[in-house]
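Close look at the chain arrangement
So you can see what is in the structure, the chains are spelled out below.
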Amino acid sequence: MNSENNRIMQRDLEVIWHPCTQMKDHETLPLVPIKSAKGIYLYDFDGNKYIDTISSWWVNLFGHANETINEKIKAQLDTLEHVLLAGFTHEPAVELAHKLVSITPIALKKVFYVDNGSSAVEAALKMSYHYHLNQGRCKPIFLSLTNAYHGETIGALSVGDVALYKKTYEPLLISNMQVPVPKDQSKEASKEALCTLENILKEKSDEIAAFILEPLIQGAGGMHMYHADYLIGARYLTQKYNVHLIADEIMTGFGRTGLMFACEHANISPDFMTLSKGLTGGYLPLSVVMTTEEVYQAFYCDYNEHKAFLHSHSYTGNPLACVAALATLEIFENNNILEENAAKARYIKEKVEKIKSLQNVKEIRQQGMVTAIELKGYEPKERIGIHIYEYALTQGVLLRPLGNVIYFMPPYIIEYEHIDKMIAVAYEGISQLLSKKRE
Ligand SMILES: *Cc1c(COP(=O)(O)O)cnc(C)c1O
């Protein structure tokens, strides 16, 4: 193959070790070098285009090369590219922090800048632990849900529960405990899971600093979904037992679940909220930990009392990333994004009905702009995800299943014709698995 794609792939494989990848797979599975992107489409070097149905790993909200965001970043580039955020500040960071405080749940009043999702989780865990310490209590355990995902760094991995990523590193992890996630989206499942949560808090709350969860949708855990009642109960119980509630909205934030933040479905205000991914519209790495006045005040004292939160990252609050985030929020302000998304989500729901009838489909679930199709009857080693992924690419669609779960998490600018194509390709890919099985 003398294609341009192939040339770049070969040069890539000489030097790049790719994320979340068994590199040997690329002996047979081609890499897809992307030359440019616009709107919903990714373009490779051989003239093929692909509908990005997973928002480039859940980050892109308003399409690639979005004009509003591009313009703001370009203007910022000629003004201030970066400056440290200790002892210094800049307008994009200030404006963004004010905006975030005004749109997130009521008790969240302070913004701590970080630069990626996992690091935001680390910072939130450290802050929670440190808060209790500053109050004279040592609480060294973190509680999280089974099947959770909070990132890949050691602390974030510790509170996660996806064996594929976690098991190998078990001896390195920090103290953590898991409580069962509600088994489905029913109210009864939430009620049951809350009983177990209360039992654990009753017994262990003296040692638990915080309970961290992904509200409503567990992303990397196969788009598992549960009812908002669980969030209401979890907020009530964590308050009752003096344990922080950390809402990790890194994936669910910025409209993904149908409302701006998943916590709004339960009308709760957590002690910490972590945000990243969609924060910059999918342009630049940036994340924040939002917290309450009460947490902030527990660190506020004379320097020599040694209670300050001495945590930092080099690119904390990068101005280019902050203006990308401001532009993203401006798009929300100037358009009826959530309403339009609701209509698109209803359309997706109608259209995927057809897939439900396939014999290898166990369940289809949806929450806002996330739709998941769970298949049944396959072992992990069959790696059916790769089959669907490769087939979809030949049809001009980027689908990247999680194990036996095929999901759609498209940028909000997706149009109805793209939705039709995305679902038709998923249907065909899933049906092909059936005929393969019969062979
Ligand atoms: C992606 C994700 C993270 C980790 O963010 P990175 O920027 O990839 O480190 C943490 N929590 C949730 C819920 C996520 O979806």
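Along each chain, the written sequence defines residue order, and numbers are assigned to residues from 1. In view of the model being predicted, local features appear only for residues whose pLDDT reaches at least 70, and side-chain atom pairs are presented and counted only at 80 or more, with totals across whole chains, interfaces and linings using the full set of residues. Note that water and hydrogens are dropped before the side-chain values are worked out from all heavy atoms of the structure.

Quick word on the side chain of Asp271
Selection rule: Only DSSP runs of H or I reaching four residues or more are called helices, and only runs of E reaching two or more are called strands; each is numbered from the N terminus. Relative accessibility decides the category of a residue: with a 1.4 Å probe and only protein chains considered, values under 20% of the type maximum give buried, values over 50% give exposed, and everything between is partly exposed. N or O atoms closer than or at 3.5 Å make up a polar contact, with two conditions inside protein: a donor-capable atom paired with an acceptor-capable one, and, for residues adjacent in sequence, both atoms drawn from side chains. By definition, residues are in contact when any of their heavy atoms lie within 4.5 Å.
Locating Asp271 in the fold gives a position in the loop between strand 10 (244-248) and strand 11 (272-275). For Asp271, a relative accessible area of 11% gives the class buried. Separated by 2.9 Å, the side chains of Asp271 and Arg235 make a polar contact. Filtering out sequence-adjacent residues up to four positions away, Asp271 remains in contact with Leu108, Arg235, Val243, His244, Leu245, Met290, Thr291 and Thr292.

Some words on the pairing of strand 1 (residues 34-38)
Worth spelling out the cut-off: For two strands to count as paired, DSSP must find a minimum of two bridges between them.
The sheet contact formed by strand 1 and strand 2 (residues 41-44) spans four bridges and is antiparallel. Pairing of Ile34 across the sheet is with Asp44, part of strand 2. Counting the residues between successive antiparallel strands, the hairpin from strand 1 to strand 2 contains two residues, one of them, Gly39, with a positive phi of roughly 60 degrees.

A word on the sheet that holds strand 15 (residues 397-398)
Strand order in the open sheet formed by four strands is 1-2-3-15, and the pairing between neighbours is mixed. Both outer strands of the open sheet, strand 1 and strand 15, are each paired with one neighbouring strand and no more. Inspection of the sheet shows strand 3 (residues 49-52) paired to strand 15 by two bridges, in the parallel sense. Paired with Asp52 across the two strands is Leu398, which belongs to strand 15.

Description of the domain arrangement of the protein chain
This is how the line gets drawn: Throughout, the edges of the domains are those of an automatic or database domain assignment. Buried surface area refers to the total accessible area, computed with a probe of radius 1.4 Å, that the two partners give up upon joining, counted for both partners together. Definition used for salt bridges: Asp or Glu carboxyl oxygen within 4 Å of a side-chain nitrogen of Lys or Arg.
What the domain assignment reports for the protein chain is domain 1 (32-65 + 336-438) and domain 2 (69-333). Once you take the C-alpha centre of each, domain 1 and domain 2 turn out to be 27 Å apart. Across the boundary between the two partners, domain 1 contributes 24 residues, which contact 28 residues of domain 2. Summed over both partners, the interface of domain 1 with domain 2 comes to about 2,200 Å²; 65% of that surface belongs to carbon and sulfur atoms. When the buried area of domain 1 at its contact with domain 2 is split by residue, Trp58, Leu338 and Gln367 rank highest and sum to 28% of it. For the pair domain 1 and domain 2, the interface holds zero salt bridges. For the side of domain 1 that touches domain 2, the secondary-structure elements that each account for two or more residues are helix 2 (55-58), helix 12 (337-356), strand 13 (361-367), strand 14 (370-375) and strand 16 (405-408).

Description of the environment of Gln297
Residue position: Gln297 is located in helix 10 (residues 293-297). The exposure class assigned to Gln297 is partly exposed, which follows from its relative accessible area of 39%. Separated by 36 residues in the primary sequence, Gln297 and Glu333 have C-alpha atoms spaced 32 Å apart.

Brief notes about the site of the ligand
Note the threshold: By convention in this text, a residue qualifies as near a molecule or strand provided that one of its non-hydrogen atoms is within 4 Å of it. By the convention adopted, Pro, Cys, Tyr, Trp, Phe, Met, Ile, Leu, Val and Ala count as nonpolar, Lys, Arg, Asp and Glu as charged, and the other residues, Gly among them, as polar.
Close to the ligand lie Trp58, Asn116, Gly117, Ser118, Tyr149, His150, Gly151, Glu214, Asp248, Ile250, Met251 and Lys277, which account for all nearby residues. Within the backbone of Gly117, a nitrogen or oxygen atom sits 2.8 Å from an oxygen atom of the ligand. Measuring from an oxygen atom of the ligand, one finds a side-chain N or O atom of Ser118 at 2.6 Å. Here the residues of the shell around the ligand sort into four nonpolar, five polar and three charged.

Section: the packing of helix 8 (residues 187-204) against helix 9 (residues 228-240)
To be explicit about the condition: Only the contacting stretch of a helix is used when fitting its axis, a line to C-alpha atoms as for every element, and angles between N-to-C directions run 0 to 180 degrees. If an angle is under 35 degrees, it is roughly parallel; if it is over 145, roughly antiparallel; if it lies from 65 to 115, roughly perpendicular; otherwise it is oblique. Note: crossing handedness is left-handed where the near helix turns anticlockwise from the far helix by less than a right angle, and right-handed where it turns clockwise.
Two numbers describe how helix 8 lies on helix 9: the axes approach to 9 Å, and their chain directions differ by 15 degrees. In terms of orientation, helix 8 lies roughly parallel with respect to helix 9. Crossing of helix 8 against helix 9: the hand is right-handed. Along the contact surface, helix 8 presents Lys187, Ser190, Ala193, Leu194, Leu197, Glu198 and Leu201, while helix 9 presents Asp229, Tyr230, Gly233, Ala234, Leu237, Thr238 and Lys240. When grouped by side-chain class, the residues that make up the contact of helix 8 with helix 9 number seven nonpolar, three polar and four charged.

Some words on the pattern of salt bridges
Counting across every chain of the model gives 16 salt bridges. For the salt bridge of Glu330 with Lys72, the shortest nitrogen-to-oxygen distance reads 2.7 Å. A residue pair is termed long-range when its members are at least 10 positions apart, and Glu330 in helix 11 (residues 319-334) and Lys72 in helix 3 (residues 67-77) qualify at 258 residues. Accessibility expressed as a relative area gives 26% for Glu330, which makes it partly exposed. Across the pair Glu374 and Arg365 runs a salt bridge whose closest N-O atoms are separated by 2.7 Å. As far as the burial class goes, Glu374 and Arg365 line up, both buried.

Let's talk about unusual backbone geometry
Phi is positive for Asn267, which is not a glycine, with a value near 55 degrees. Here Asn267 lies in the loop between strand 10 and strand 11. By relative accessible area, which is 73% here, Asn267 ends up exposed. Phi is positive for Lys277, close to 35 degrees, though the residue is something other than glycine. Here Lys277 lies in the loop between strand 11 and strand 12 (287-292).

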